[in-house]
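Architecture at a glance
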Amino acid sequence: MLVVSYDGTAYNGWAFQKSTHNTIEEMLARAVHGLTGEDVEIIGASRTDAGVHAYGNIAVFDTCSTIPGDRFSYALNHILPEDICVVESREVHKDFHPRHCDTLKTYEYRVLNTKMPVPTRRFYTYHFSMPLDIDKMNEAAKLLEGEHDFTSFCNVESQALSHVRTIKEVNVKRHGDEVIISVTGNGFLYNMVRIIAGTLLQIGRGKGQPSDITAMLEKKDRSAAGPTAPAQGLFLIKYKFLDGIPGPSDT
């Protein structure tokens, strides 16, 4: 198992694609092949979009290599490009699959709330020049917590069989000139966090009221919620495996 941090600016997202080789999974597979000579399938826990960043996405693969699990990170980092880093590696049970575990995932959406953009931060924040009412945003955010059908907050191209998800916590805080929207839940739909961010920003600028969130959820219609915020402000922060991570000898 790999814990992978990456700057997603230059990539077409996490997952393998037929139309491009420029994905995080592709880079990881190439690095493993360069290290072991094996053609492996990289299975990611979260398929982040193009331009989205991560401090700790999870990936697993099968290998016959004799390299100790905890040494893979060091070896792979000598091969990977500098905008991808394996921050931890470990051997896990052969049946471990990160998408089939009970987890909590935390995302942050970062907004640069200044009058003018700052060019050096353009790949890591979304510039939003209008004043934002953080109290109203937090009031709206709390209505998203709990188990809901998030159809209104999901890209219409989603292929998920169910749009019901549980959001444990949503917080909006100001840190200097940044407004950070933090969302923790047991799973997320296609573009869900970015739509939540775009909706909260609209309410924060005075376009709508916090109570509108309830009606948006009830309508189960993508057109009911706000815009999809741009990818560059989104960071996958961490995964928490609620039942732990089984080691190679665990049953």
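Scoring rules and cut-offs
- Residues numbered from 1 in each chain as written.
- Predicted model: local features only at pLDDT ≥ 70, side-chain atom pairs only at ≥ 80, totals over all residues.
- Heavy atoms only, no water.
- Phe/Tyr/Trp six-rings, centres within 6.5 Å; stacked < 30°, edge-to-face > 60°.
- Helix = DSSP H or I, 4+ residues; strand = E, 2+ residues; numbered from the N terminus.
- Buried < 20%, exposed > 50% of the residue type's maximum accessible area, 1.4 Å probe, protein only.
- Lys NZ or Arg CZ within 6 Å of the ring centre and 35° of its normal.
- Axes fitted to C-alpha atoms, helices over the stretch in contact; angles between N-to-C directions.
- Parallel < 35°, antiparallel > 145°, perpendicular 65-115°, else oblique.
- Left-handed = near helix turned anticlockwise from the far one by under 90°.
- Contact = heavy atoms within 4.5 Å.
- Nonpolar A, V, L, I, M, F, W, Y, C, P; charged D, E, K, R; others polar.

Right, let's talk about the packing of aromatic side chains for a bit. The geometry of an aromatic ring pair is captured by two quantities: the separation of the ring centres and the angle between the planes. Scanning the model with the defined rule gives nine aromatic pairs in all. An angle of 75° between the planes, with centres 5.6 Å apart, marks the rings of phenylalanine 61 and phenylalanine 72 as edge-to-face. In this pair, phenylalanine 61 sits in the loop between strand S3 (53–60) and helix H2 (72–77) while phenylalanine 72 sits in helix H2, placing the two residues 11 residues apart along the sequence. By relative accessible area, phenylalanine 61 is classed as buried at 14%. Between tyrosine 107 and phenylalanine 188, the ring centres sit 5.2 Å apart and the planes meet at 85°, which makes this aromatic pair edge-to-face. Of this pair, tyrosine 107 sits in strand S5 (residues 103–112) while phenylalanine 188 is found in the loop between strand S9 (178–185) and helix H4 (192–204), placing the two residues 81 residues apart along the sequence. Clustering of aromatic rings is evident, with ring pairs tying together Phe96, Tyr239 and Phe241. Note that arginine 71 overlies the ring of tyrosine 74, its terminal NZ or CZ placed 4.3 Å from the centroid.

Attention now goes to the packing of helix H3 (residues 134–142) against H4. Two elements in contact, H3 and H4, have axes separated by 8 Å at closest approach and are oriented at 135°. One way to sum up the angle between H3 and H4 is to call them oblique. Taken as a pair, H3 and H4 cross one another with a handedness that is right-handed. Across the interface between the two elements, Lys136, Met137, Ala140 and Ala141 of H3 pack against Leu200, Leu201, Ile203 and Gly204 of H4. Classifying every residue of the contact of H3 with H4 by side-chain character gives six nonpolar, one polar and one charged.

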